[in-house]
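Below, each chain spelled out in residue letters.
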Amino acid sequence: MKTPISLILICLISIKVFGENPDSSAFNAGKIILSIGYGYPHIEKVLYAHDYPYRYYVSFTKNGYGPIHIRGEYGLSDKIGIGLSINYAFYQGILNRANPNGTTDSLTYNNKIYSFSYLIRFNYHFATTKKLDPYFAIGAGIRGILDVFKTNDPYGSRSYYNSIIDVKTLDPTPIPCAFEVVAG
């Protein structure tokens, strides 16, 4: 029960630090805005199926969190802002299966994926009032994925693990570039 409540609280966190004239419009030149957020859905969890029938299959569990976003923006004018966006996500899939050689030892396959990105963002604020700040943003930067795989199966491999859990697609670094398009 603590996890859903924690996620809801993380989703509601938003910190705003105002530069000059805190009584003026919600966004203007010289204003600094910092925000922390939690994204949904977690793409790695979507890519993995967990109900794949297999002869020696015992259990498959997956967990993860993120993406967690930390963003900062500086108002260059009343309409344009520039900023930095940092994003982090984690996914883990653990497969336990019976040993096919008849022993009671179970075989475990553990795959952990850490994903991060650093982007420069350009934000366009329109129809801004004292309490309303709608905007569009685009960002580009770098992305990295650390993929850690461990197993106690002497004949196990990542491709075997992927075939058992029915991986749709996952490449540790398909393109090391990150892009985002945001409306808020």
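Residues numbered from 1 in each chain as written. Predicted model: local features only at pLDDT ≥ 70, side-chain atom pairs only at ≥ 80, totals over all residues. Heavy atoms only, no water.

Engineer: Would you mind going over the nonpolar core with me for this structure?
Structural biologist: Side chains that are nonpolar tend, in soluble globular proteins, to be buried together. In terms of nonpolar packing, the biggest core is built from seven residues, these being F60, Y91, L95, L107, Y109, I113 and I145. Those elements that place two or more of their residues in this core are β3 (80-98) and β4 (106-125). No other element matches the three residues that β4 contributes to this core. (Core = buried A, V, L, I, M, F, W, Y, C linked by side-chain atoms within 4.5 Å. Buried < 20%, exposed > 50% of the residue type's maximum accessible area, 1.4 Å probe, protein only. Helix = DSSP H or I, 4+ residues; strand = E, 2+ residues; numbered from the N terminus.)

Engineer: I keep staring at the environment of Y135 and nothing clicks. Help me out?
Structural biologist: Considering the arrangement of structural elements, one finds Y135 in strand β5 (residues 135-151). Considered as a pair, Y135 and F27 are 108 residues apart in the sequence and their alpha carbons are 10.0 Å apart. Ignoring anything within four residues of it in the chain, the contact list for Y135 reads R121, Y124, H125, F126, V182, A183 and G184. (Contact = heavy atoms within 4.5 Å.)

Engineer: For this particular structure, what's the right way to read the pattern of salt bridges?
Structural biologist: Two side chains bearing opposite charge may form a pair once their charged atoms approach each other closely. Across all of its chains, the model carries two salt bridges by this definition. Here E180 and R121 are joined by a salt bridge, their closest N and O atoms 3.2 Å apart. Of this pair, E180 sits in strand β6 (residues 177-183) while R121 sits in strand β4, and the two are 59 residues apart along the sequence. Given the relative accessible area of 4%, R121 is considered buried. Each of R71, R121 and E180 takes part in one network of salt bridges that share partners. (Salt bridge = Lys/Arg side-chain N within 4 Å of Asp/Glu carboxyl O.)

Engineer: Sorry if this is basic, but what is going on with the packing of aromatic side chains here?
Structural biologist: Think of a pair of aromatic rings as described by two things: how far the centres are apart, and how the planes are tilted against each other in angle. Throughout the structure, instances matching the rule amount to six aromatic pairs. Ring geometry for Y65 versus Y88: centroids 6.1 Å apart, planes at 45 degrees, classification tilted. Within this pair, whereas Y65 is found in strand β2 (residues 57-75), its partner Y88 is found in strand β3, the two being separated by 23 residues in sequence. Its relative accessible area of 34% is what places Y65 among the partly exposed residues. For Y88, a relative accessible area of 29% translates into the label partly exposed. Both rings, one in F116 and one in Y118, keep their centres 5.8 Å apart while their planes meet at 55 degrees; by these two values the pair is tilted. F116 sits in the partly exposed class, given a relative accessible area of 32%. Ring-pair connections join several aromatic residues into one group, and the members of that group are Y65, Y88, F90 and Y114. (Phe/Tyr/Trp six-rings, centres within 6.5 Å; stacked < 30°, edge-to-face > 60°.)

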